[in-house]
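These are the residues of each chain, in order.
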Amino acid sequence: VYKAKAFKCDYYHLAIGEINKNKYKVDSEKEDNFGFNIVNINLDTGKSQMVGNLGTDNLTAINSAPSGVHFIQIMPVGNMTMTTIYPQEVGTNQLGQKLYASSHSRHMAMVNKSLPQQYYGQCAKME
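Cut-offs and rules
Starting from 1, residues in each chain are numbered consecutively following that chain's sequence as written. Note on the predicted model: pLDDT of at least 70 is required for a residue's local features to be given, and 80 or more for side-chain atom pairs to be given and counted; whole-chain, interface and lining totals, by contrast, use all residues. The basis for every side-chain value is the complete set of non-hydrogen atoms in the structure, without hydrogens or water. Helical segments are the DSSP runs of H or I of at least four residues, strand segments are the runs of E of at least two, and each set is numbered from the N terminus. Buried residues are those whose accessible area, probed at 1.4 Å on protein chains only, stays under 20% of the maximum for their type, while exposed residues exceed 50% and partly exposed ones sit between those limits. The contact rule is simple, with two residues in contact once any of their heavy atoms fall within 4.5 Å. Polar contacts here mean pairs of N or O atoms no more than 3.5 Å apart (in protein, one a potential hydrogen donor and the other a potential acceptor; neighbouring residues in sequence count only if both atoms are side-chain atoms). Count a disulfide wherever a pair of cysteine sulfur atoms falls within 2.5 Å.

(A) Main features of the environment of D10. Mapping D10 onto the fold places it in strand β1 (residues 7-20). According to the relative accessible area criterion, D10 is partly exposed, its value standing at 34%. What D10 contacts, discounting residues up to four positions off in sequence, is F34, G35, G121 and Q122. Within the local environment of D10, its side chain forms a polar contact with the side chain of K8, the two groups lying 3.4 Å apart.

(B) Spatial organisation of the state of the cysteines. Enumeration according to the criterion identifies 1 disulfide in this entry. At a sulfur-sulfur separation of 2.1 Å, the disulfide partner of C9 is C123. One disulfide, between C9 and C123, carries an S-S torsion of 110° and so falls in the right-handed class. With a gap of 114 residues between them, C9 in strand β1 and C123 in strand β10 (residues 117-125) connect regions that are remote in the sequence. The same class applies to C9 as to C123, namely buried.

Here it is, written out as structure tokens:
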């Protein structure tokens, strides 16, 4: 994972936390068809890009060996996402590309109300 230049990430499970009676209530569900690509990864400069169905955005890439690689996105409204690709191999896809465990977190607030989300899935090394 530390030398990859691109990944195709797909997520199949989602957990959402929402405040109910002053405490988080977490709903967990199967999520289909959520994914994006992380491309132009350069761990030396700390730069990369996310390509998804809403376009392309710049990411900060952080080498956290031996724990994996983190990708951080700060949105114009102040929300943040963090994607981690772990070095744990979880198989191969139909193209023979290695799959690595991954999580994608959205640290969001809407109208002063927190709405954190955690996705679980895998990323295929695209090389």
